[in-house]
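Examination of the molecular architecture
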There are 2 protein chains.
Amino acid sequence: MTSKNPFSFTLQATVDAGVGTARAGVIQTPHGDVETPVFMPVGTQATVKSLSPHDLLDAQAPIILANTYHLYLRPGSDLIERMGGLHRFMAWDRPILTDSGGFQVFSLAHNRKIDDEGVTFKSHIDGSTHRFTPEMVMRVEEQLGADIIMVFDECAPYPATLDYAERAMKRTHSWAERCLQSHTRSDQALFAIVQGSTYAELRRESAHVLSSLDFPGYGIGGLSVGEPKEEMHAMLEETTPLLAEHKPRYLMGVGSPEDLVECVARGIDMFDCVLPTRVARNGALLTRDGRLPIKSARYAGVDTPIEPDCDCYACRHFTLGYLHHLFRAEELLAYRLNSIHNIRFMTRTIAEIRASILDGTFPAYRQEFLARYRPTDREIAVKQRQQWLQAHGRLGKPAQ
Amino acid sequence: MTSKNPFSFTLQATVDAGVGTARAGVIQTPHGDVETPVFMPVGTQATVKSLSPHDLLDAQAPIILANTYHLYLRPGSDLIERMGGLHRFMAWDRPILTDSGGFQVFSLAHNRKIDDEGVTFKSHIDGSTHRFTPEMVMRVEEQLGADIIMVFDECAPYPATLDYAERAMKRTHSWAERCLQSHTRSDQALFAIVQGSTYAELRRESAHVLSSLDFPGYGIGGLSVGEPKEEMHAMLEETTPLLAEHKPRYLMGVGSPEDLVECVARGIDMFDCVLPTRVARNGALLTRDGRLPIKSARYAGVDTPIEPDCDCYACRHFTLGYLHHLFRAEELLAYRLNSIHNIRFMTRTIAEIRASILDGTFPAYRQEFLARYRPTDREIAVKQRQQWLQAHGRLGKPAQ
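Residues numbered from 1 in each chain as written. Chains lettered and ligands numbered in written order. Predicted model: local features only at pLDDT ≥ 70, side-chain atom pairs only at ≥ 80, totals over all residues. Heavy atoms only, no water.

1. Topic: the sheet that holds strand β12 (residues 218–220) of chain B
Residues and elements named next belong to chain B. With parallel pairing, eight strands are arranged side by side in an open sheet as β4-β14-β13-β12-β11-β10-β6-β5. Lying at the two open borders of the sheet, with one neighbouring strand each, are β4 (38–41) and β5 (64–66). Put simply, the sheet's adjacent strands are angled 25° from each other on average, direction ignored. Inspection of the sheet shows strand β13 (residues 249–251) paired to strand β14 (residues 270–273) by two bridges, in the parallel sense. Paired with Leu 251 across the bridge in β14 is Phe 271. Packed onto the sheet, helix α6 (residues 134–144) meets β6 (96–98), β10 (148–150) and β11 (189–194) and runs at close to 160° relative to β10. (Pairing = 2+ DSSP bridges. Helix = DSSP H or I, 4+ residues; strand = E, 2+ residues; numbered from the N terminus. Axes fitted to C-alpha atoms, helices over the stretch in contact; angles between N-to-C directions. Contact = heavy atoms within 4.5 Å.)

Have a look at this one:
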């Protein structure tokens with residue numbers, strides 16, 4: 001990349017983690033630098049739920065994600081463009097990444113009909129009919145004006161047959177080329193998306209095909225959609241070694257704290273997930289030992305912060321006893337303080353991971369983190385995810 | 001008052017407003033000074049709904065109110081005392097006023113049974129049975145530890161018969177004496193509460209009787225409970241001239257922006273009301289011209305702040321178009337930004353009122369404010385209040 005390019009990625013350090021190579025780097029964007037690995041909070045509707053831009057800066061979020069599908073439907077990308085773009089609209093002058101709407105079209109929209117040209121679907125808000133094509137999505141993402149934008153892809157659900165997964169992957173490749181051709185804004189970096197479901201041969205093919213095209217970065221999509229963690233890890237181990245070393249790799253929609261550690265170990269640089277803010281609103285606070293259920297009577301009157309060594313606004317000022325009271329009383333402040341802490345937990349964890357890569361101690365960090373952090377019971381997590389997918393029409397018989 | 005007393009009130013200026021005497025002063029409390037007239041945001045459950053202490057400081061709230069009834073029931077005043085009192089519990093180190101729970105016992109609690117000793121009632125949360133006496137309420141308010149606390153009173157609903165209003169008033173006087181005798185904390189100022197419903201002779205008697213007792217300040221209760229504004233104004237005109245000039249006067253549960261102007265004109269120094277935060281959550285933004293309904297389609301894409309000259313966080317950073325989007329999308333940030341603006345509108349308005357008293361221009365300020373500010377249609381407001389009172393079991397036949 002030349003110095004004139006507003007987007008670049010500099011690899012600063014790598015560590016052999018056995019299962020893959022962990023990396024530390026810096027992404028340069030027109031709205032500032034992003035140190036990697038990075039966790040990106042999700043601002044679906046141009047707001048990270050319950051948080052202001054000030055809260056996000058205070059929680060040290062360097063970049064956020066916004067959802068193209070949601071913003072296209074409401075308030076509309078034309079309107080956001082007229083108001084000066086997404087950064088100005090939501091008063092966030094740091095980097096933003098927009099997804100392409102692919103995942104939402106396949107998971108949230110109704111009556112979707114897919115063909116090689118694009119997808120026709122009905123809005124989940126008002127039932128109105130819309131059509132996304134690669135060219136159309138590029139236009140929408142240019143209107144939104146994020147620093148990093150994603151190609152329009154077809155995200156196969158889990159489980160998918162080999163045949164369907166292959167067709168979806170090939171369509172994704174074809175759409176990636178069309179996105180590359182129709183994208184015009186030089187101040188935006190367009191990332192491709194590797195697909196291939198849980199089939200190693202497809203993942204390898206997808207990484208190979210997309211690597212041959214000149215994208216400045218790569219998303220890895222279609223994972224963490226219901227498959228066992230072991231399958232996700234295996235797919236990453238197949239994929240990341242085939243991607244150009246000097247380009248960032250973004251694992252879409254992942255993940256939990258333990259996912260950060262395990263997927264950085266497998267060569268991932270960027271993450272996004274609604275998990276920290278969603279579970280916050282349900283009363284689960286992230287700590288080094290796992291999730292803390294703030295609603296539990298055991299926290300009534302407890303005069304210590306969530307984590308004594310946490311520097312977030314919630315931990316600096318409030319006790320577990322007060323947070324317990326707010327949550328029990330269904331006060332709006334509860335959702336915000338819980339979210340602030342969880343976002344800071346994620347940014348702090350990823351900063352520690354990065355530091356351990358830079359000083360070469362990542363394998364020990366990973367071991368210690370996983371020994372201490374107690375993940376949510378796998379069966380509960382899988383069940384919750386299945387319920388969510390079911391509720392959103394994603395699940396049924398394997399996609400054909 | 002001696003200089004050793006942590007509480008004092010200094011009258012700084014008065015202005016003849018025709019209908020009464022407007023006053024500017026300063027209340028000194030153990031947690032800092034409060035310039036009057038003052039508007040106090042309401043933090044019912046130890047949080048002003050949707051706002052953090054930082055938000056309140058930024059909106060220049062000098063003192064907040066918390067509700068004794070709610071906090072006694074949940075999380076419990078014993079627990080708050082153990083956690084160091086209300087200031088520490090909610091991380092607010094500025095002045096706090098607690099009401100006595102009188103109003104809530106009569107408006108929210110179920111199955112209340114009143115006798116001369118106190119009131120037995122069932123919790124609106126879980127139906128558990130409790131009893132408030134003046135002595136008990138003093139104990140609870142001492143546990144909470146606010147800077148200004150209120151006597152336990154019987155708040156007659158509107159309309160009330162003369163006979164009932166008189167009995168409630170006399171009970172309030174008797175209870176006020178008992179509160180005075182049982183209150184022990186010298187770092188709290190205990191205010192009496194004038195009652196008497198909408199009967200001028202009762203209001204005069206109540207002011208007279210309570211003035212003969214040594215309270216450092218006076219609440220005026222039982223107004224803004226459904227009566228026409230003219231009646232409320234008439235009652236203030238009967239009451240405030242009889243109260244000691246060198247003690248602050250607090251009109252409880254009032255009010256709207258126009259109420260601030262009209263009641264300062266009638267000698268009131270202190271106000272509290274849920275109105276700015278409640279209407280904020282319903283999408284009504286306070287402006288110099290009246291309430292702005294942010295949900296209205298006319299604000300989509302509007303690229304200006306709520307009020308160009310407002311210095312609140314919402315107006316400094318966000319447009320009407322963005323606030324409209326947040327509210328339509330039911331995002332939690334909408335409730336917070338709307339509340340921040342409305343609180344700042346109230347603190348800014350009362351600061352302007354104060355400045356106009358200090359420089360003698362209050363009558364002109366009042367005239368200009370009322371000429372420009374368009375109150376919510378009276379009939380709508382009355383209907384909303386009646387519905388609220390009905391929903392909370394306050395309304396029915398006149399109290400006997």
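2. Considering the pattern of salt bridges
Within the structure shown, the criterion is met by 54 salt bridges over all chains. Notably, a salt bridge pairs Glu 331 of chain B with Lys 49 of chain A, separated by 2.6 Å at the nearest N-O pair. You can see Glu 331 of chain B sitting in the loop between α13 (320–328) and α14 (332–358) and its partner Lys 49 of chain A sitting in the loop between β4 (38–41) and α1 (53–58), one on each of two chains. When its relative accessible area of 24% is taken as the criterion, Lys 49 of chain A is described as partly exposed. Where Glu 154 of chain A meets Arg 171 of chain A, a salt bridge forms, and the shortest distance between an N and an O atom there is 2.8 Å. With Glu 154 of chain A in the loop between β10 (148–150) and α7 (162–182) and Arg 171 of chain A in helix α7, the pair connects residues that are 17 residues apart, well separated along the chain. The exposure classification of Glu 154 of chain A matches that of Arg 171 of chain A, with both residues buried. Through salt bridges with shared partners, one network takes in Asp 55 and Arg 336 of chain A together with Asp 55 and Arg 336 of chain B. (Salt bridge = Lys/Arg side-chain N within 4 Å of Asp/Glu carboxyl O. Buried < 20%, exposed > 50% of the residue type's maximum accessible area, 1.4 Å probe, protein only.)

3. What to know about the environment of Gln 195 of chain A
Residue and element names in this part refer to chain A. Its location among the elements puts Gln 195 in the loop between β11 (189–194) and α8 (200–211). Sequence-wise, Gln 195 and Asp 153 are 42 residues apart; in three dimensions their C-alpha atoms are separated by 8.3 Å. Ignoring sequence-local partners within four residues, the contact set of Gln 195 consists of Asp 153, Glu 154, Cys 155, Ala 156, Met 169, Thr 172, Leu 202, Arg 203, Ser 206, Gly 221 and Gly 222. For Gln 195, the side chain forms a polar contact with the side chain of Asp 153, separated by 2.7 Å. (Polar contact = N/O pair within 3.5 Å; in protein donor to acceptor, adjacent residues only side chain to side chain.)

4. Quick look at the packing of aromatic side chains
Counted according to the given criterion, the structure contains 26 aromatic pairs over all chains. With centroids separated by 5.8 Å and ring planes inclined at 85°, the aromatic side chains of Phe 132 of chain A and Phe 152 of chain A adopt a geometry described as edge-to-face. Highlighted residues: Phe 132 of chain A in strand β9 (residues 129–132) and Phe 152 of chain A in the loop between β10 and α7, separated in sequence by 20 residues. Note on Phe 132 of chain A: relative accessible area 0%, which makes it buried. For Phe 152 of chain A, a relative accessible area of 0% corresponds to the buried category. On the basis of an interplanar angle of 80° and a centroid distance of 5.9 Å, the ring pair of Phe 7 of chain B and Phe 191 of chain B is categorised as edge-to-face. (Phe/Tyr/Trp six-rings, centres within 6.5 Å; stacked < 30°, edge-to-face > 60°.)

5. A look at empty space enclosed by the protein
Under the counting rule described, the total for this entry stands at four cavities of 30 Å³ or more. One number sums up the size of the largest cavity: a volume of about 70 Å³. Ser 50, Leu 332 and Arg 336 of chain A together with Ser 50, Leu 332, Leu 333, Tyr 335 and Arg 336 of chain B are the residues that line the largest cavity. Sorting the residues of the lining of the largest cavity by element identifies α14 (332–358) of chain A together with α14 of chain B as the ones contributing at least two each. In terms of residues, the lining of the largest cavity owes the most to one element, α14 of chain B, which gives four residues. (1 Å grid on protein atoms, 1.4 Å probe; cavity = no way out; pocket = protein on both sides within 12 Å on 5 of 7 lines; lining within 4 Å. Points joined across faces, edges and corners; volume = space filled by probe spheres on them.)

6. What about the nonpolar core?
Judged by nonpolar contacts, the single largest core of 244 residues is most densely connected at Leu 86, Phe 271 and Phe 362 of chain A together with Leu 86, Phe 271 and Phe 362 of chain B. Residues contacting Phe 271 of chain A, with those up to four places away along its chain left out, are Val 38, Phe 39, Met 40, Tyr 250, Leu 251, Val 254, Asp 259, Leu 260, Cys 263, Val 264 and Ile 350 of chain A. (Core = buried A, V, L, I, M, F, W, Y, C linked by side-chain atoms within 4.5 Å.)

7. Quick word on the relation of the copies chain A and chain B
Between the two copies, chain A and chain B, the superposition gives an RMSD of 0.0 Å; the rotation angle is 180° and the shift along the axis is 0.0 Å. Look at the turn and shift together and you get a two-fold axis relating the two. Relative to the rotation axis, the closest C-alpha in chain A is found at Leu 332 of chain A, a distance of 3.9 Å. Comparing interface residues between copies, 100% of those in chain A also lie at the interface in chain B; the contact surface is shared. (Least-squares fit on C-alpha atoms with pLDDT ≥ 70 in both.)

8. Some points on the interface of chain A and chain B
If you look at the interface, chain A gives 39 residues, while chain B gives 39 residues. Approximately 3,100 Å² of surface area, both sides summed, lies buried where chain A meets chain B, with 60% of it carried by carbon and sulfur atoms. Three residues stand out in chain A for area buried against chain B, namely His 325, Glu 331 and Leu 332 of chain A, and they jointly supply 18% of the buried area on that side. Inspection of the region where chain A meets chain B yields six salt bridges. Counting only elements with at least two residues in the side of chain A that touches chain B, the list comes to α1, α4 (86–89), α12 (313–317), α13 (320–328) and α14 of chain A. In terms of residue count, α13 of chain A provides more of the side of chain A that touches chain B than any other element does, five residues in total. In terms of residue class, the side of chain A that touches chain B is made up of 20 nonpolar, ten polar and nine charged. (Buried area = accessible area lost by both parts, 1.4 Å probe. Nonpolar A, V, L, I, M, F, W, Y, C, P; charged D, E, K, R; others polar.)

9. Some details on the state of the cysteines
Residue and element names in this part refer to chain B. This model, assessed by the stated rule, comprises zero disulfides over all chains. Looking at the unpaired Cys 273, the closest cysteine sulfur is the one in Cys 263, lying at 11 Å. There is no disulfide at Cys 315, and the cysteine sulfur nearest it, in Cys 312, is 3.8 Å away. (Disulfide = S-S within 2.5 Å.)

10. Re the pairing of β9 of chain A
Residue and element names in this part refer to chain A. Residues His 130 and Phe 132 line the buried face of β9, whereas the alternating positions Thr 129 and Arg 131 sit on a face that is not buried. Summarising the sheet, strand β8 (residues 119–122) and β9 pair through four bridges and their orientation is antiparallel. Across the sheet, the residue bridging to Thr 120 is Arg 131, located in β9. Connecting the antiparallel pair β8 and β9 is a turn made up of six residues, with Gly 127 showing a positive phi of about 75°.

11. Here's the deal with helix α7 (residues 162–182) of chain B
Residues and elements named next belong to chain B. Helix length check: α7 (21 residues) gives 30 Å between terminal C-alpha atoms against 30 Å at 1.5 Å per residue, within 8%. Restricting attention to buried positions, one finds in α7 the residues Tyr 164, Ala 165, Ala 168, Met 169, Arg 171, Thr 172, His 173, Trp 175, Ala 176, Arg 178 and Cys 179. Structurally, α7 contributes buried residues whose contacts are with β7 (110–114), β8 (119–122), α6, β11 and α8 (200–211). (Expected span 1.5 Å × (residues − 1).)

12. Points about the packing of α13 of chain A against α14 of chain A
Residues and elements named next belong to chain A. Viewed as axis vectors pointing N to C, α13 and α14 meet at an angle of 130°, and their least axial separation amounts to 7 Å. When the axis of α13 is compared with that of α14, the two are oblique. The handedness of the crossing between α13 and α14 comes out as left-handed. Residues Tyr 322, Leu 323, Leu 326 and Phe 327 of α13 lie in contact with α14, whose contacting residues are Leu 333, Ala 334, Tyr 335, Leu 337 and Asn 338. Among the residues making up the contact of α13 with α14, the classes are represented as eight nonpolar, one polar and no charged. (Parallel < 35°, antiparallel > 145°, perpendicular 65-115°, else oblique. Left-handed = near helix turned anticlockwise from the far one by under 90°.)

13. Describing the pairing of strand β15 (residues 284–287) of chain B
Residue and element names in this part refer to chain B. Residue alternation in β15 divides its side chains into two sets, Ala 284 and Leu 286 and Leu 285 and Thr 287, and both sets are buried. Pairing of β15 with strand β16 (residues 290–293), which is carried by four bridges, proceeds in the antiparallel orientation. By the bridge assignment for β16, Leu 286 is matched with Arg 291. Joining the antiparallel neighbours β15 and β16 is a turn of two residues.

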